[in-house]
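Coordinate analysis (summary)
Below are the chains, spelled out letter by letter.
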Amino acid sequence: QVQLVESGGGLVQPGGSLRLSCAASRIFFSGYIMGWYRQAPGKQRELVATVTVGGNTNYIDSVKGRFTISRDNAKNTVYLQMNSLKPEDTAVYYCNAANPWDHSNYWGQGTQVTVSS
């Protein structure tokens with residue numbers, strides 16, 4: 001059974017930093033597009049950032065210049081470095097693995113990020 005396990009969430013003050021990690025097991029990790037999504041209370045889940053099989057990255061406008069997604073295929077892990085955090089970044093952050101060939105798609109359980117003074 002495929003597992004995606006997120007970690008690294010927590011409470012941080014505005015302007016602070018956090019690094020989220022997502023460890024994948026039982027998938028051919030290097031063959032998946034990896035992404036981070038988030039869902040704030042009362043809002044729809046939104047895509048935050050993706051990193052392709054080839055290492056290309058994409059971000060939503062609101063996090064460009066502040067967040068960095070990266071992957072370590074040797075460790076089957078994807079990261080999201082979040083700097084200059086704002087209260088509007090508060091959400092549950094989810095890891096996603098999407099196979100562009102067979103369209104399989106997996107989610108982690110989510111990790112809470114709260115930005116508050």
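Residues numbered from 1 in each chain as written. Predicted model: local features only at pLDDT ≥ 70, side-chain atom pairs only at ≥ 80, totals over all residues. Heavy atoms only, no water.

Another point: the overall build of the protein. Each helix and strand in the protein was counted, giving zero helices and eleven strands. The dimensions of the protein, computed from C-alpha atoms along their principal axes, are 40 × 25 × 25 Å. Taken across its 117 residues, the protein has 41% of its residues classed as buried. In the protein, the share of contacts with a sequence separation of at least 24, taken over all contacts with a separation of at least 6, comes to 55%. Summed over all atoms, the accessible surface of the protein reaches about 6100 Å², with 48% contributed by carbon and sulfur. Charge-centre separation for the protein: the mean point of 10 positive side chains lies 3 Å from the mean point of 7 negative side chains. (Helix = DSSP H or I, 4+ residues; strand = E, 2+ residues; numbered from the N terminus. Buried < 20%, exposed > 50% of the residue type's maximum accessible area, 1.4 Å probe, protein only. Contact = heavy atoms within 4.5 Å. Areas by Shrake-Rupley, 256 points an atom, 1.4 Å probe, with all protein chains shown as cover. Lys, Arg positive; Asp, Glu negative; His and termini not counted. Charge placed at Lys NZ, Arg CZ, Asp CG, Glu CD.)

Assignment of secondary structure puts Arg38 in strand E4 (residues 33–39). Given a relative accessible area of 6%, Arg38 falls into the buried group. One polar contact links Arg38 to Ser62, side chain to side chain, over a distance of 3.5 Å. Only 3.0 Å separates the side chain of Arg38 from the side chain of Asp89, close enough to count as a polar contact. (Polar contact = N/O pair within 3.5 Å; in protein donor to acceptor, adjacent residues only side chain to side chain.)

Before going further, it helps to spend a moment on the sheet that holds strand E3 (residues 18–25). Ordered by their spatial adjacency, four strands build an open sheet running E1-E3-E8-E7, and the pairing between neighbours is antiparallel. The sheet terminates laterally at strand E1 (3–7) and strand E7 (67–72), the two strands that pair on one side only. Within this sheet the neighbouring strands show an average axis-to-axis angle of 15 degrees, counted without direction. Strand direction decides the pairing type here: E7 and strand E8 (residues 77–82), joined by six bridges, are antiparallel. (Pairing = 2+ DSSP bridges. Axes fitted to C-alpha atoms, helices over the stretch in contact; angles between N-to-C directions.)

This paragraph deals with the pattern of salt bridges. On inspection of all chains with the given rule, the structure shows four salt bridges. Where Arg38 meets Asp89, a salt bridge forms, and the shortest distance between an N and an O atom there is 3.0 Å. Taken as a pair, Arg38 in strand E4 and Asp89 in the loop between E8 and strand E9 (91–98) lie far apart in primary sequence, 51 residues in all. Taken as a pair, Arg38 and Asp89 share a single burial class, namely buried. Beyond isolated ion pairs, a larger network of salt bridges with shared partners links Arg38, Glu46, Arg66 and Asp89. (Salt bridge = Lys/Arg side-chain N within 4 Å of Asp/Glu carboxyl O.)

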